[in-house]
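Single-letter residue listing:
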Amino acid sequence: MAERIVSDSGLSETQSRTLRVMLDAIIPADAGRGMPSAGELDLMGYVAEFAPEALDAIRADLDAAEDLAQKRLGIAFGGLSADDAIDLVNTSRATEPRFAQTLITQALGCYYQDDRVVTALGYPAGPPFPQGNTVEKGDLSLLEPVRKMGKIYRG
Amino acid sequence: MAEDIADILIIGAGASSAAAAWSLSDTRMRIVCLEQGDWMNPADYPSNRREWQVLRNVAYSQSPNVRKRDTDYPINEDDSAVSVANFNGVGGGTVLYSGHFPRFKPSDFRTRSLDGVGDDWPVDYYDLEPYFAQNDRNMGVSGLAGDPAIPYHEPPLPHIPIGKMGNAVARGFNKLGWHWWPSDAAIISEDYEGRGKCLNLGPCNSGCAQGAKSSVDIAYWPLNQRLGVELRTRCRVREITVDDNDMATGAIYFDENGVEQFQAAHVVIMACNGVGTPRLLLNSTSKRFPDGLANRSGLVGKNLMFHPWGHVEGFLDGNLDGHLGPQGTSLLSQQFYETDPSRDFVRGYTLQVTRGQAPLSLALQGVARGDIPLGKGHHEAFRKYLGNSVLFNICCEDLPEEINTVTLDPDLKDSSGIPAPKITYRLSENSQRMLAHGIRSATEALEAAGAFQVNSWGQNRHTGWHLMGTARMGKDPAKSVVNEWGRSHDVRNLFIIDGSIFVTAGAVNPTTTIQALALYIADNMKKNLANLFD
Ligand SMILES: Cc1cc2nc3c(=O)[nH]c(=O)nc-3n(C[C@H](O)[C@H](O)[C@H](O)COP(=O)(O)OP(=O)(O)OC[C@H]3O[C@@H](n4cnc5c(N)ncnc54)[C@H](O)[C@@H]3O)c2cc1C
């Protein structure tokens, strides 16, 4: 299993366990595609840097997930299998779309801006500047029928 | 000490101001520009950072109400179907704009004669033609000559790449027999005038780190300063003052330390945009102008026009890398631009095709819609959409209506205590019908291009980029605020050069036309210098 580098800043032990299980459940690893799981990335470090205002809502999301697991399944969220965890998340979101909303939003933000993820998707790591991107100029022969239209403006 | 009097005082350092200052600088007059915002540093822009997709959200938001920089002013939009987008700093809105640069067309200046709506402008396309061309050279504009939807012109630089995504969309248009063309863009496709060419970074709307986007802090202001124009930042104007002869005397402003100052001037030029200019004029009340400066017609702040705007997103197969390239500019279709009496609306719209969504917004939206599941299947679904999204923007012509207004909010104020503008705006029935048509045609075009999924977002509130009409030009002082060359009918040394003076809105992004008009007005000022105030 890949090394976990979750920096648990500001989370209780239970919240940290819930977080790890939740992250691995919502975005699981996909070895075939070279995609890490969301739990392999440093979500809390990301939040501390880019969305500190989200911390309270994330804690609340984790507590709500823990409550729900205890209520519905009688065990801690942190003790759930990935299948049970994602079932719980998805069924809860079906009736309460805001369930774990902040956590999921921040997890996606952390995930889809991570160099490992971006390279696995086939794009260069790092910021857009200065390396930039290559974009095809386009096939101007496709303009042939448009050129044949002749003037289409009035006046 | 002799009084410090500027020959020309320009308020605001955005698109129109930069062009006019450049033109007027060859008079060797003393030109001073007061701008409430700062110089931008391209090294600070989000695209210098890996996390650009979130860093742009607040500090570079298009909404001053979200951005809340100390250089911004708040806007009350509670009674508006559209919220205002702007930027307050050297460069004005061009700091954040997409640089999509299509010109108004000849018919846009003659809507009353041709279609019985709006009003004719006191100038026409051909009056502005040389100024469009001059501005294209000054800004650095890329495009492809020969578009049959606009009088022939040759952009100085080759067009911006339309990409594999553009090819796919073009094939769809061709299947339907519709017009399309690579857009003119104020983005340099090749190295130009000491500036490096576009690197296809993507996020133009949070500032261009490369400086390839022709925002006027890059394209005009450094040159203007070398030509002797004095630009003072963090100077927020509260009021334009007048004497008993109805002549402007200068401006009261707060300097960078918040200290009230007065700058005297022989000529005052307003360039604060279609919201900022009426706000300032309405706040400049006096014995002679109890209803606001230059407002004897009662039209200052009235006839506010945006472009009613809709979005339709499509997903096309084929790993198109559609999210790469300058975000807001690729190609356009003007198949439905001109009035067609067989339709249930008058005038028309542009379909502006822009790049697809970047990975993060794609993921957020896909998860929210349920298209991209959480858990198993996430990666597969995400890859189905990534790079394959393309956005159709429906840019509708708005018609001037006096009920759409900028007024002063009785309570809301900026950090200097200046009353904030309040927007009152609703979409007309004509606009709603036009938008519905546009959404249908965007959908049809995407389907013709082979889209496997089309999401129609309908009218989008957060699209108030184009601010026009609130101090319209015209020959009749009872029906307009400024004359045919931008001079106030009421105050003979007061000029307005921004989008406020537009008589109608066209159905394209306005900045190239705003700047051509600003150059035209500056040229007329120079031609009439001897009797400027007659
Ligand atoms: C996100 C975004 C995308 C856009 N995309 C496009 C596009 O693709 N194509 C296009 O054509 N247009 C686009 N626009 C619109 C374009 O930016 C504007 O049309 C253009 O900048 C207007 O020029 P202007 O001179 O009228 O005013 P602005 O450029 O808005 O400049 C006005 C300046 O006046 C200053 N000011 C206002 N009040 C005061 C005061 N009291 N004291 C001192 N200074 C003051 C402001 O700080 C500002 O810098 C876009 C705008 C935004 C925000």
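This structure is a prediction, so every number in the text was calculated from the model and none was measured.

Some details on the overall build of chain A
And step 1. On a plain count of helices and strands, chain A comes out with seven helices and zero strands.
And step 2. Order of helices (α) and strands (β) in chain A, N terminus to C terminus: α-α-α-α-α-α-α.
And step 3. For 155 residues, the compact-globule estimate of 2.2 N^0.38 gives 15 Å, and chain A exceeds it by more than 25% at 22 Å.
And step 4. Long-range pairs, those at least 24 residues apart, make up 61% of the contacts in chain A with a sequence separation of at least 6.

Considering the sheet that holds strand β14 (residues 419–425) of chain B
All names here are of chain B.
And step 1. Strand order in the open sheet formed by three strands is β3-β14-β13, and the pairing between neighbours is mixed. Since the sheet does not close on itself, it has two edges, and those belong to β3 (76–80) and β13 (405–413), each with one partner. Averaged over neighbouring strand pairs, the angle between their axes works out to 30 degrees when direction is ignored.
And step 2. For β3 and β14, the ladder comprises three bridges, and the chain directions are parallel. Within β14, the position partnered with S80 by the bridge is Y425.
And step 3. On top of the sheet, helix α9 (residues 273–283) reaches β13 and β14; it is set at about 65 degrees to β13, its chief contact.

Remarks on the site of the ligand
Residue and element names in this part refer to chain B.
And step 1. Taken together, 37 residues form the shell around the ligand, and within it S16, E35, H100, V237 and T511 come nearest.
And step 2. Separating an oxygen atom of the ligand from a side-chain N or O atom of S16 is a distance of 2.6 Å.
And step 3. In this structure, N273 approaches the ligand through a side-chain N or O atom, which is 3.0 Å from an oxygen atom.
And step 4. When the free accessible area of the ligand is taken as 1,000 Å², the share hidden by the protein chains comes to 97%.
And step 5. When contributions to the shell around the ligand are tallied by element, the ones reaching two or more residues are α1 (15–24), β6 (236–242), α9 and α13 (511–527).
And step 6. Partitioned by chemical class, the residues of the shell around the ligand number 15 nonpolar, 19 polar and three charged.

Section: the sheet that holds strand β9 (residues 309–315) of chain B
All names here are of chain B.
And step 1. The six strands lie next to each other as β4-β10-β11-β12-β9-β15, forming an open sheet whose pairing is antiparallel. One side of each edge strand has no neighbouring strand; the edge strands of this open sheet are β4 (181–182) and β15 (453–459).
And step 2. Sheet analysis places β9 next to β15, joined by six bridges and oriented antiparallel. Paired with F315 across the bridge in β15 is Q453.
And step 3. Taken strand by strand, helix α6 (residues 163–176) contacts β10 (331–333), β11 (349–354) and β12 (389–396), and its axis lies near 145 degrees from that of β11.
And step 4. Contacting β9, β11, β12 and β15, helix α12 (residues 429–448) runs over the sheet at an angle of about 155 degrees to β12.

Observations concerning α1 of chain B
Spacing of three or four residues puts side chains on the same side of an α-helix, whose turn is 3.6 residues.
And step 1. Burial of α1 of chain B is extensive: nine of the ten residues sit out of reach of the surface.
And step 2. Buried residues of α1 of chain B: A15, S16, S17, A18, A19, A20, A21, S23 and L24 of chain B, and no others.

Describing the confidence of the model for chain A
And step 1. With 94% of its residues at a pLDDT of at least 70, chain A reaches an overall mean of 94.
And step 2. Below a pLDDT of 50 lies the segment residues 1–6 of chain A, which in the model reaches 13 contacts outside its immediate sequence neighbourhood of four places, other chains included.

Examining the nonpolar core
Here is a general trend for soluble globular proteins: nonpolar side chains tend to be buried in one another's company.
And step 1. Core analysis: the largest hydrophobic core is formed by 86 residues, its most contacted members being I11, W221, I240, M270 and L517 of chain B.
And step 2. With nine residues, the top contributor of residues to this core is α13 of chain B.
And step 3. The contacts of L517 of chain B, once residues within four sequence positions are left out, are W121, V123, L128, M473, I501 and F502 of chain B.
And step 4. If you look at the next biggest cluster of nonpolar residues, it comprises 56 residues, including A54, V89, L108 and V135 of chain A.

Structural notes on the interface of chain A and chain B
And step 1. Residue-level contacts link 53 residues of chain A with 69 residues of chain B.
And step 2. Interface of chain A and chain B: buried area, both sides summed, is about 5,100 Å²; carbon and sulfur atoms make up 63% of it.
And step 3. There are five salt bridges connecting chain A and chain B.
And step 4. Among the salt bridges present, the one from E49 of chain A reaches R49 of chain B, with a minimum N-O distance of 3.2 Å.
And step 5. Seen at the junction of chain A and chain B, the total is 22 residue pairs in polar contact (both at pLDDT 80 or more).

Topic: α12 of chain B
And step 1. Over its 20 residues, α12 of chain B extends 29 Å from the first C-alpha to the last, a length consistent with the 28 Å expected when each residue adds 1.5 Å.
And step 2. Backbone geometry just downstream of α12 of chain B places G450 of chain B in the positive-phi region, at approximately 95 degrees.

Concerning the layout of surface pockets
Vacant regions in the atomic arrangement are exposed by a probe of water-molecule size rolled over the atoms.
All names here are of chain B.
And step 1. Estimated volume of the second largest pocket: approximately 250 Å³.
And step 2. At the level of secondary structure, the elements contributing two or more residues to the lining of the second largest pocket comprise α5 (125–139), α7 (216–219) and α8 (221–226).
And step 3. Considering only residue class, the lining of the second largest pocket consists of seven nonpolar, one polar and four charged.

Some points on the state of the cysteines
Residues and elements named next belong to chain B.
And step 1. The tally for this structure, following the rule as stated, stands at zero disulfides over all chains.
And step 2. The thiol of C208 is unpaired, and the distance to the nearest cysteine sulfur, on C204, comes to 6.4 Å.
And step 3. Free cysteine: C396, not disulfide-bonded; nearest cysteine sulfur from C395 at 7.1 Å.

Some points on the environment of N133 of chain A
And step 1. Relative to the assigned elements, N133 of chain A resides in the loop between α6 (115–120) and α7 (144–147).
And step 2. According to the relative accessible area criterion, N133 of chain A is buried, its value standing at 19%.
And step 3. Each residue touching N133 of chain A, except ones within four places of it in the same chain, is listed here: P124 of chain A together with L199, N200, L201 and L324 of chain B.
And step 4. At 2.8 Å, the side chain of N133 of chain A forms a polar contact with the backbone oxygen of N200 of chain B.

Quick word on the side chain of S80 of chain B
All names here are of chain B.
And step 1. In this structure, S80 sits in strand β3.
And step 2. Among the polar contacts listed, one links the side chain of S80 to the backbone oxygen of V82, at a separation of 2.5 Å.
And step 3. Dropping the residues within four chain positions of it, S80 is found in contact with F306, I423, Y425 and R461.

Observations regarding the pairing of strand β8 (residues 260–270) of chain B
Residues and elements named next belong to chain B.
And step 1. Here strand β1 (residues 5–11) runs beside β8; their pairing, made up of six bridges, is parallel. In the strand pairing of β8, I11 is matched with M270.
And step 2. When strand β7 (residues 248–254) meets β8, the two strands line up antiparallel, connected through five bridges. Paired with F254 across the bridge in β8 is E260.
And step 3. Here β7 folds back onto β8 in antiparallel fashion, the turn holding five residues, of which G258 has a positive phi close to 80 degrees.
And step 4. Looking at chain direction, β8 and strand β16 (residues 494–496) are connected through three bridges and run parallel.

Focus on the packing of aromatic side chains
Residue and element names in this part refer to chain B.
And step 1. The full count for this structure, using the stated rule, is 25 aromatic pairs over all chains.
And step 2. Between Y385 and F452 the ring centres are 6.0 Å apart and the planes differ by 45 degrees, which places this aromatic pair in the tilted class. A residue pair is termed long-range when its members are at least 10 positions apart, and Y385 in helix α11 (residues 378–385) and F452 in the loop between α12 and β15 qualify at 67 residues.
And step 3. Taking relative accessible area as the criterion, F452 reaches 30% and is therefore assigned partly exposed.
And step 4. Counting every residue linked through ring pairs, the aromatic cluster contains F173, W178, F336, F345, Y349 and F392.
And step 5. When the ring centre of Y73 is taken as origin, the NZ or CZ atom of R279, which lies over that ring, is 4.4 Å away.

Thresholds applied
Residues numbered from 1 in each chain as written. Chains lettered and ligands numbered in written order. Predicted model: local features only at pLDDT ≥ 70, side-chain atom pairs only at ≥ 80, totals over all residues. Heavy atoms only, no water. Helix = DSSP H or I, 4+ residues; strand = E, 2+ residues; numbered from the N terminus. Rg over C-alpha atoms; globule rule 2.2 N^0.38 Å. Contact = heavy atoms within 4.5 Å. Pairing = 2+ DSSP bridges. Axes fitted to C-alpha atoms, helices over the stretch in contact; angles between N-to-C directions. Near = heavy atom within 4 Å. Polar contact = N/O pair within 3.5 Å; in protein donor to acceptor, adjacent residues only side chain to side chain. Areas by Shrake-Rupley, 256 points an atom, 1.4 Å probe, with all protein chains shown as cover. Nonpolar A, V, L, I, M, F, W, Y, C, P; charged D, E, K, R; others polar. Buried < 20%, exposed > 50% of the residue type's maximum accessible area, 1.4 Å probe, protein only. pLDDT = per-residue confidence, 0-100. Core = buried A, V, L, I, M, F, W, Y, C linked by side-chain atoms within 4.5 Å. Buried area = accessible area lost by both parts, 1.4 Å probe. Salt bridge = Lys/Arg side-chain N within 4 Å of Asp/Glu carboxyl O. Expected span 1.5 Å × (residues − 1). 1 Å grid on protein atoms, 1.4 Å probe; cavity = no way out; pocket = protein on both sides within 12 Å on 5 of 7 lines; lining within 4 Å. Points joined across faces, edges and corners; volume = space filled by probe spheres on them. Disulfide = S-S within 2.5 Å. Phe/Tyr/Trp six-rings, centres within 6.5 Å; stacked < 30°, edge-to-face > 60°. Lys NZ or Arg CZ within 6 Å of the ring centre and 35° of its normal.

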